[in-house]
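The chain contents come next:
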Amino acid sequence: MRIALFEPEIAGNVGAVLRLGACFGATIDLIEPLGFAWDDRRVRRTAMDYIDHVTIARHADFQAFQATVGESRLVLFTTKSSESAYEFAFRADDILLFGKESAGIPQEIAETCDARIRIPMRPEVRSMNLATSAALALGEALRQTDSLPR
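None of the values given here were measured: they were computed from a predicted structure. In every chain, residue numbers begin from 1 and rise along the written sequence. Residues qualify for local features only when their pLDDT is at least 70, as the model is predicted, and side-chain atom pairs are given and counted only at 80 or more; totals for whole chains, interfaces and linings, by contrast, use all residues. Side-chain numbers come from the whole structure's heavy atoms, not from hydrogens or water.

Peer 1: Help me get a handle on the packing of aromatic side chains, residues and values and all.
Peer 2: Classification of ring pairs rests on two measures: the distance between centres of Phe, Tyr or Trp rings, Trp counted by its six-membered ring, which must be within 6.5 Å, and the angle between planes, read as stacked under 30 degrees, edge-to-face over 60 and tilted in between. In this structure the tally under the stated criterion is five aromatic pairs. Here Phe88 and Phe90 contribute two aromatic rings whose centre-to-centre distance is 4.9 Å and whose plane-to-plane angle is 75 degrees, an arrangement assigned as edge-to-face. Here Phe88 matches Phe90 in class, with each residue buried. Ring-pair connections join several aromatic residues into one group, and the members of that group are Phe77, Phe88, Phe90 and Phe98. To sort residues, take the accessible area from a 1.4 Å probe on protein chains only and compare it with the maximum for the residue type: under 20% means buried, over 50% means exposed, and anything in between is partly exposed.

Peer 1: How would you sum up the layout of surface pockets? Please name residues and give values.
Peer 2: Considering only enclosed or pocket space, the largest pocket measures out at about 640 Å³ in volume. Grid spacing is 1 Å over the protein atoms alone, the probe is 1.4 Å, and a cavity is where that probe fits but cannot get out, while a pocket is an open set with protein on both sides within 12 Å along at least five of seven lines and lining residues have an atom within 4 Å of a point. Lining the largest pocket are 27 residues, with Phe77, Thr78, Thr79, Gly104 and Ser127 positioned closest to its centre. Secondary structure elements with two or more residues in the lining of the largest pocket: strand S4 (74–77), helix H4 (107–110), strand S6 (115–117) and helix H5 (130–144). Grid points are joined across faces, edges and corners, and a volume is the space filled by probe spheres set on the points. Runs of E in the DSSP output that reach at least two residues are strands. Runs of H or I that reach at least four are helices, and both are numbered from the N terminus.

Peer 1: Which residues make up the sheet that holds S4, and what values do they have?
Peer 2: Whenever strands of a sheet pair, they do so through backbone hydrogen bonds, lying parallel or antiparallel. Taken in spatial order, the six strands make up an open sheet running S3-S2-S1-S5-S4-S6, and their pairing is parallel. The outermost strands of the open sheet, each flanked by one partner alone, are strand S3 (56–59) and S6. Strand-to-strand, the axes of this sheet are offset by a mean angle of 25 degrees, without reference to chain direction. Here the rule is simple: two strands pair whenever DSSP picks up at least two bridges between them. Sheet topology note: the strand S1 (residues 2–6)/strand S2 (residues 27–31) ladder contains five bridges and is parallel. Looking at the pairing, Arg2 lines up with Thr27 of S2. To get an axis, fit a line to the C-alpha atoms, keeping to the stretch in contact for a helix; angles then go from 0 to 180 degrees between the N-to-C directions.

Peer 1: Quick one: what's the story with the environment of Arg73, residue by residue and with numbers?
Peer 2: With respect to the secondary-structure elements, Arg73 resides in the loop between helix H3 (62–66) and S4. By definition, residues are in contact when any of their heavy atoms lie within 4.5 Å. Every residue in contact with Arg73, bar those within four places of it in the chain, is listed here: Phe88, Ala89, Phe90, Arg91, Asp93, Asp94, Ile95 and Asp114. Of the polar contacts made by the side chain of Arg73, one reaches the backbone oxygen of Ala89; its length is 2.8 Å. A 3.5 Å cut-off defines polar contacts: any pair of N or O atoms within that distance qualifies, except that in protein one atom must be a possible hydrogen donor and the other a possible acceptor, and neighbouring residues in sequence count only when both atoms are side-chain atoms.

Peer 1: So what's going on with the side chain of Asp94? Residues and values would help.
Peer 2: Within the secondary structure, Asp94 sits in the loop between S4 and strand S5 (95–98). Accessibility expressed as a relative area gives 0% for Asp94, which makes it buried. Reaching out from Asp94, the side chain makes a polar contact with the side chain of Arg73 at a distance of 2.8 Å. There is a polar contact of 2.8 Å between the side chain of Asp94 and the backbone nitrogen of Arg91. Here Asp94 is in contact with Met1, Arg2, Arg73, Val75 and Phe88, once residues within four sequence places are set aside.

Following this line, the structure appears as structure tokens:
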């Protein structure tokens, strides 16, 4: 399973997702441009030494990332969907895609995705933190595919 972050803007969120990937064995794809310098200490501070236990793939842009997708499904997590992540049937080779913190994913990229799903939440709030969303999504996807670490 892979987690792809489209143009992430906050180093701390990326660090937390890298740590998540290390703990659950998920590859992390970073689709540039990033909103911070990659050597930013905040990434390592959040990811800590877990950064040494995760596979990270950096892509110059969405087209470069798309060239790596192959037969995997691109599953976009968006607040603009009505399909719940808990009713969606994940596959072990899915790529879970998350947009940038301030703006999500452009419509033209959303249209290239195989599925658009959301994490249910109370209607009076806009969205969850990126790393929290990735953790909920990956946990459910791994649970459904019987791929949680033992």
